[in-house]
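Residue strings, one per chain:
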Amino acid sequence: MRAIIYTIVVLGIVGIIMGVTYYSTSAPNEAEPFALDFMQLSVDDEWVQIEDYDVSEREWEHATDTIYRYQLTADGRPVGTLKLTNRSFSTGEDHDDEREQGFYFIEIVKQGAGSGVENRQWELSFQQDISNDMLSDWHDFDDLEYDIFHDSTVGVDELKGPVGLLNMASHVRETSYLFGRQMLSHDLTEQYEGDGESRVRVLDSELTSDVSVGENHFSMDVAWSFPDESERFETWLMYGDQALIDGDHVDRAQEDMLENYRRYHKWITPNGIYAKLPWSVEPFDEMAYGRNLGYQFRDEYLRHYRDYGQFSDYLFTLNSLTVLEAMRDEYGGSELGLIPTEYTSTWLKKPYGVHAPYLDTRHLEGLGLFYLKVEEVLGLDYTDEFLTYADYLVEVLDGDDEGAMLDEADSATLDRGSGYVIELDSEDFSGLDGFEEIFEDFDVEELDHVSDREFDKGHFGDDDGDSDGDGDARDVDAGSDGDGDARDEDAGSGDDGDARDEDAGSDGDGDTRDEDAGSDGDGDTRDESGDAEETGDTGSEDEDSVSDDVDDQAENADAEDGAEEQYREDQENREAPLVAEGSATLLTDYVGPGITTTPHASLNHVLAEIHYLLTAYFKTDDERYLDAAYEMRRAVEIIGADWVRFDDEHFGDLWYQLNADLTFDGNDYDCLTLEDLYDNQIAWEQTMYGPSVVFQLLYESKLESGVCDQI
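Residues numbered from 1 in each chain as written. Predicted model: local features only at pLDDT ≥ 70, side-chain atom pairs only at ≥ 80, totals over all residues. Heavy atoms only, no water.

J.: Would you explain the overall build of the protein in this entry?
T.: Secondary structure summary: the protein contains 12 helices and 28 strands in total. Residues counted as buried form 57% of the 711 residues belonging to the protein. Here the analysis covers contacts within the protein between residues at least 6 apart in sequence; of these, 70% occur between residues at least 24 apart. When the accessible surface of the protein is totalled, it reaches about 29,600 Å², and 41% of it is carbon and sulfur. (Helix = DSSP H or I, 4+ residues; strand = E, 2+ residues; numbered from the N terminus. Buried < 20%, exposed > 50% of the residue type's maximum accessible area, 1.4 Å probe, protein only. Contact = heavy atoms within 4.5 Å. Areas by Shrake-Rupley, 256 points an atom, 1.4 Å probe, with all protein chains shown as cover.)

Now the structure itself:
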């Protein structure tokens, strides 16, 4: 007999707040328990009672969380907790928007081994009456055929996208729900000396829902019992007062779920989005998931909202912003204002000793660029959040934050920067000397500024070099394992000794970029029509018109000559010397507690950091960012030709990383570093230093090596 049924009205069908209501076939207490206007939770045999009830609110930048907490008891002893979070969004001042839009998060956590929870049948039922004046449309996503495969880095990601979409509308109102999956899981942690802890969540099972759709009624039921190892039941649903996905766009949304099922937000909680983790994670479990920082946001949601105006993409993005704010708050705002990676990678721990929580520069850069895109698409101000990472880079280069992520024992084992930096001296590297082995007739003495060398801005199309259409020349999640690194976490474990997975690309071709990155679907990042020059010729055969055209062309030619002359004069006045000398500093890719050896600095990370600092400089005119960027540029220039590989198989390609002992290692991305170099040259062109000769030579060397077939 199901003896306990709880229902609370939060959103009435008429779309107004109606208060809280409690129903129970057992004796009610004074508590006002959890509910939605259309949801019931039942537990068999009159077994569970609610002893305590609490409601609280938490304000975020663009959301308000109303949190209902309950203590579940049986025979007077605690057996679990239940929490419902209603996250309502607003982008107006003081959260005064009257829109009904947001997420519900439901969590049930069992308490105490042998409490009897494991033997009970639980059921969650969503019930929705549909009035005669409303049209309803149920889109069932359960039948989608996902291509779930075994990935060499993360194994099998068994989670699928949402269960389905319910749109209801009449002539006076609209209501829409997107139902997430239901999961059973348990936590797994690894403790380290001091305060360090690695956290993952193990997926025990994804539950199956039973959906019934009638003319005047909708229901979705999910039943489960807790296995011995499972600690937690979770689910979510998105709600809105307009169609979350219009009927005309459902097919596109389904395509996104299928093609990007690993990136699509599937396991969503109030405090983070969980994604499948590499098998190199510590503690290890084949079904370990975690809050990978690179998966807390998706540029695709922003791009889809910009292009198609679908409400679900907007709410997914607002939730990402709120989740990121919650993660910063969870880590005490972080002394550095940054969000660390909270799970340990043995790929980093074995050579460097680094364990969670540690900082990953590529993730932090990707997050900062996401904030810029939010500003551009949604018009929300996230300048401070963007500059947080730029300030961190400046502080590290200035040596002001030694030990900020490390304890005293860690710092005592390392040189300046506590593992943050690698110090360089021009006497240890080739600089420009050595490029003569790569290019015929190369003469350092005759080398002029980069403007005198061919720098084809058409290689990557538009000036932003955007290969994936998100406004950024680099894929935020360029690595095949979602960590932003060119190499899989299990790097070096294969027989080939290659640090990269052969099939690092999302399209299975071994390239880190999608073959079909271009808008015209030809695999080129440029539209074919974009190559044509505008001549101003109308095609008229009138002689006067032709004469005018000739005069215009002559004037244009004179103007171009004048611009070129001015450009060369500007170049001569640039402050960047042709050959970098002296000392300089590179930031390491990772830093965290437990560190025993200073980690490496990879070229693509360094170039990304330089470009990030230049973007901060252009946004603020603060020369601290320009100075820091130039310091790192000098470091790359001091190394110079030593970045280039001279072995037969990889001749002309670039090394992936510089180690702390000044040796080089690793196979580079096929194309990503080319794009990084390109972006840097375009950005440096806008500064007093001008483009870098060394950057240009590295670009040309990698280009001529032929490893990138996307150009």
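Additional details are given in the paragraphs that follow.
J.: So what exactly am I meant to see when it comes to the side chain of His139 here?
T.: With respect to the helices and strands, the residue His139 is situated in strand β8 (residues 135–140). Polar contacts involving the side chain of His139 include one to the side chain of Asp137, which spans 3.0 Å. Residue contacts for His139: discarding those within four places in its chain leaves Val163, Gly164, Leu165, Asn167 and Val250. (Polar contact = N/O pair within 3.5 Å; in protein donor to acceptor, adjacent residues only side chain to side chain.)

J.: I would appreciate a short explanation of the sheet that holds strand β27 (residues 655–658) in the present structure.
T.: Strand pairing within a sheet occurs via backbone hydrogen bonds; the two strands may be parallel or antiparallel. The strand order across the open sheet built from 3 strands is β26-β27-β28, with neighbouring strands paired in antiparallel fashion. Of all the strands in the sheet, the pair left with one neighbour each is β26 (601–602) and β28 (664–667). Note that β27 and β28 share 3 bridges and pair antiparallel. Its bridge partner being in β28, Trp655 is matched across the sheet by Asn667. (Pairing = 2+ DSSP bridges.)

J.: Help me understand the state of the cysteines, please; the structure alone is not making it clear to me.
T.: Scanning the entire structure with this criterion turns up 1 disulfide. Sulfur-sulfur distance for the disulfide between Cys671 and Cys708 comes to 2.0 Å. On the S-S bond that ties Cys671 to Cys708, the torsion sits near 105°, and the link is right-handed. Of the two residues, Cys671 is situated in the loop between β28 and α11 (672–684) and Cys708 in the segment after α12 (693–705); the sequence distance between them amounts to 37 residues. (Disulfide = S-S within 2.5 Å.)

J.: Can you help me understand the pattern of salt bridges in this one?
T.: Side chains bearing opposite charge may pair, as long as their charged atoms lie close to each other. Scanning the entire structure with this criterion turns up 30 salt bridges. Ionic pairing is found between Arg362 and Asp676, a salt bridge with its closest N-O pair at 3.6 Å. Linking Arg362 in helix α5 (residues 361–378) with Asp676 in helix α11, this pair joins segments that are 314 residues apart in sequence. For Arg362, a relative accessible area of 2% puts it in the buried group. (Salt bridge = Lys/Arg side-chain N within 4 Å of Asp/Glu carboxyl O.)

J.: Quick question: what am I supposed to make of the packing of helix α9 (residues 603–620) against helix α10 (residues 623–639) here?
T.: Running from N to C, α9 and α10 point in directions that differ by 155°, and their axes come no closer than 8 Å. Between α9 and α10, the interaxial angle falls into the category roughly antiparallel. For the pair α9 and α10, the sense of crossing is left-handed. Judged by residue contacts, Leu603, Val606, Glu609, Ile610, Leu613, Leu614, Ala616, Tyr617 and Thr620 of α9 engage Glu623, Tyr625, Leu626, Ala628, Ala629, Met632, Arg633 and Val636 from α10. Tallied by class, the residues present in the contact of α9 with α10 amount to 13 nonpolar, 1 polar and 3 charged. (Axes fitted to C-alpha atoms, helices over the stretch in contact; angles between N-to-C directions. Parallel < 35°, antiparallel > 145°, perpendicular 65-115°, else oblique. Left-handed = near helix turned anticlockwise from the far one by under 90°. Nonpolar A, V, L, I, M, F, W, Y, C, P; charged D, E, K, R; others polar.)

J.: Explain helix α2 (residues 299–308) to me, please; I cannot follow it from the model alone.
T.: Every α-helix carries 3.6 residues per turn, so stepping three or four residues along brings you back to the same face. Listed in full, the buried residues belonging to α2 are Asp299, Glu300, Tyr301, Leu302, Arg303 and His304. Of the surrounding elements, those touching the buried residues of α2 are α1 (250–259), α3 (311–330) and α5.

J.: Got a minute to help me understand the pairing of strand β5 (residues 77–89) in this structure?
T.: Where a strand is regular, its side chains alternate between the two sheet faces. Relative to β5, strand β4 (residues 63–74) runs antiparallel, the two sharing 12 bridges. Pairing of Leu72 across the sheet is with Gly80, part of β5. Two strands pair when backbone bridges link them, and β5 and strand β6 (residues 101–110) are joined in this way by 9 bridges, in the antiparallel orientation. Considered in β6, the bridge of Thr81 is made with Val109.

By themselves these figures say nothing about function.
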